[in-house]
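# Overview (structure and organization)
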Amino acid sequence: MSTATTQPALELRGIAASPGITSGKAFLVDRARLEGRQFVLEPGEVGGEIRRLERALDRSRNQVQALLRRIEALGGGAEHTGILEVHLMMIEDPELVEGVSRRIRDRLINVEWALKVFLGELKESFSRIDDEYLKERGNDVDQVGQRILQNLLGHRESTIAHVPHRSIVVARELLPSDTIHLLKGNIGGFATELGTRTSHVAIIARSMQVPAVVGVDGLTRAVSTGDTLILDGETGRVVLRPSDVQLKEHRNRRRRLRRKQKVLEEDRHLPAITRDGTRVSLLANVDRLDDLDALEASGAEGIGLYRSEYLFLDGKRIPGEDEQLDTYCELLRRMAPHPVIIRTLDIGADKALLEEGAGRHSRPNNPALGLRGIRYTLRHPRLFEPQLRAVLRAAACGPVELLIPMVSCIEEIRSVKETLNRCRIELEADEFPVVSRIPLGIMIETPAAALIGPTLAREVDFFSIGTNDLIHYTMAADRTDDRLAYLYQPVHPAIVRLFAEVIQAARQAGIDVNMCGEIAGEPLYTPLLLGLGLRSFSMSPMAIPRIKYVVRRINVADAEAVAKVALAGTSGPEVHEWLLEHHRRLFP
Ligand code: PEP
Ligand code: MG
């Protein structure tokens, strides 16, 4: 498939959002962004503007409801309808109609202007939240805003009706309303300018098992419909107008990937045992019940991290004790006889403050260092206690364990235990069957917790090392700031030493230690972690087969030699390079 064009090849980089590699013709979705006019009203015009707003909201609601019905009729599941339901919720939120109307009345500005001001403020509040998922909701605010504006201006909805067979869809962003066409079509892959791993297009791509790359700067300016593209969902590369040499290389790589995939498939149901017979547990990180479908095929031996915050963030309201109990029991039933580790609500500083109302702390200077995880839930017993009660009651459904995020001192653990005890006594008084105890663990994701590992190990049943945050806090580098990506150094000497100390502290105290941050699912680090003594890894279900592949082909003595080299290292990038070479030698 050579390109006849005289323009040179161009390589763009983005975020690998859904694995797999492909090549094909681009189909560019070119959507102009709508902008409304802005003008000041005469007082007598206010009522008319508010009626225009109400009509546009009505039309927007009807359109989204119709889309939902059509997607459901096409067999699209919750992963396809979820985002549209969030949009519907935003459109129906009384705060929207009241907030925009108030701005029209108070400032005497037209509806398009008032809508822009209101949504701008809402988006700004999302952007300050140190959470990738919530940041993504800022994108939903934009999409909902465009839909309402389209209805105010009387524009027709633009969709991507006719995508040619096996095309690679290229867009600034894809809208939930595109889902219908994506579900129908036979799409080769997606590349978008906006988006993160948790954005709508990434979720859809993963559920359709097609490669996707998101967050590619300058993509829509560079690509035209019909251009040949190589899309690499493994590395986040998009090659535009590839040369014959690049296409040949791509075809070879695809063949190698297919062969690798086949080997991984073969190992899937074999145990994760090293060549010298050491047993390793490979567990799954799960954010939503929908993830369980992928999990059954992955060979996971339990859930090492259930991020319960999504239960609170996805829905229209905060789930009560019984609703949480249903979800936890469903997880336990589907994973039986394997254990499920439920992490209590881990949300960031700004979310708490939005609920508490604007106050003197409404804009903390350092949200990531603020009221997050256990700090937040201990201050909000009305949120924390129903969750603890639900987990305690869920123990009747299967082997459940409790995990506490963002711990930095022993007092936090003691407060959790007191609250847990109080909940248990209340449940017994209410005659609920309660097991005598459930294992209690803590995330080790602050340097403080890592450094007092031996002390904390006496208080709990297990540790779970959260490498994403442990690296972010140890390197003092915001994990969401791409300008600081060079400081995300999983094998920086400080980080390797902390891993070693935490694993050692747990082993000496005779408690379990697991790792649930991203690097637990990256094969490059598997020998090092095994060599440091780690025997339990929790990761995205998709990563399990490849970690099993590595585990089954190394032995612990060699892994210990790797750990020794890493511990003696003086620089993160140097150790990384050394690990890469070692990995290539082992798995040419
Ligand atoms: C981590 O910090 O490594 C972790 C697993 O937790 P989260 O990514 O949810 O903060
Ligand atoms: Mg964390």
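See the structure shown above.
What comes next concerns the included structure. Not measured: the values here are computed from a predicted model. (Residues numbered from 1 in each chain as written. Chains lettered and ligands numbered in written order. Predicted model: local features only at pLDDT ≥ 70, side-chain atom pairs only at ≥ 80, totals over all residues. Heavy atoms only, no water.)

The magnesium ion (ligand 2) binds to the protein through E445 (OE) and D469 (OD); the donor distances cover 2.1 to 2.2 Å. Highlighted residues: E445 in the loop between β13 (440–444) and α17 (447–451) and D469 in helix α19 (residues 467–474), separated in sequence by 24 residues. (Donors = N, O, S within 2.8 Å, 3.2 Å for Na, K, Ca; no water. Helix = DSSP H or I, 4+ residues; strand = E, 2+ residues; numbered from the N terminus.)

So, about the sheet that holds strand β3 (residues 21–29). Read across the open sheet, the eight strands follow the order β1-β8-β7-β3-β4-β5-β6-β2; overall the sheet is mixed. Each of the sheet's edge strands pairs with one partner strand only, and the pair in question is β1 (10–13) and β2 (15–18). Here the strands of the sheet are splayed against their neighbours by 30° on average, with no regard to which way each runs. Taken together, the five bridges between β3 and strand β7 (residues 228–232) define a ladder with antiparallel strand orientation. Looking at β7, one finds that K25 is bridged to T228. (Pairing = 2+ DSSP bridges. Axes fitted to C-alpha atoms, helices over the stretch in contact; angles between N-to-C directions.)

Let us look at the nonpolar core. Membership of the largest hydrophobic core comes to 96 residues, with the highest contact counts inside it found for I442, F463, F499, L528, L529, L532 and F537. Among the elements that line this core, the one with the most residues is helix α20 (residues 493–509), at eight residues. (Core = buried A, V, L, I, M, F, W, Y, C linked by side-chain atoms within 4.5 Å. Buried < 20%, exposed > 50% of the residue type's maximum accessible area, 1.4 Å probe, protein only.)

The subject of this paragraph is the site of ligand 1. Near ligand 1 you find 13 residues, and of these R307, R343, G466, N468 and R479 are the closest. One nitrogen or oxygen atom from the side chain of R372 is found 3.5 Å from an oxygen atom belonging to ligand 1. In the complex, the protein chains occlude 95% of the 290 Å² of accessible area that ligand 1 would expose alone. Secondary structure elements with two or more residues in the shell around ligand 1: β10 (303–307) and α19. No other element matches the three residues that α19 contributes to the shell around ligand 1. Per-class residue counts for the shell around ligand 1 are three nonpolar, four polar and six charged. (Near = heavy atom within 4 Å. Polar contact = N/O pair within 3.5 Å; in protein donor to acceptor, adjacent residues only side chain to side chain. Areas by Shrake-Rupley, 256 points an atom, 1.4 Å probe, with all protein chains shown as cover. Nonpolar A, V, L, I, M, F, W, Y, C, P; charged D, E, K, R; others polar.)

Turning our eyes to something else, we now look at helix α24 (residues 572–586). Over its 15 residues, α24 runs 21 Å from end to end, which matches the ideal 21 Å to within 8%, given 1.5 Å per residue. When we look at burial in α24, the residues that qualify are G572, V575, L579, H582 and H583. On an axial view of α24, the arc spanned by its buried residues comes to 100°, and they lie on one face. Exposed side of α24, more than 90 degrees from the buried face: P573, E574, R584 and R585 are the residues found there. Looking at the buried side of α24, the elements it contacts are α20, α21 (526–531), α22 (544–551) and α23 (556–567). Capping of α24 at its N-terminal end is provided by S571; its side-chain oxygen lies 3.1 Å from the backbone amide nitrogen of E574. (Expected span 1.5 Å × (residues − 1). Arc of directions from axis to C-beta. Contact = heavy atoms within 4.5 Å.)

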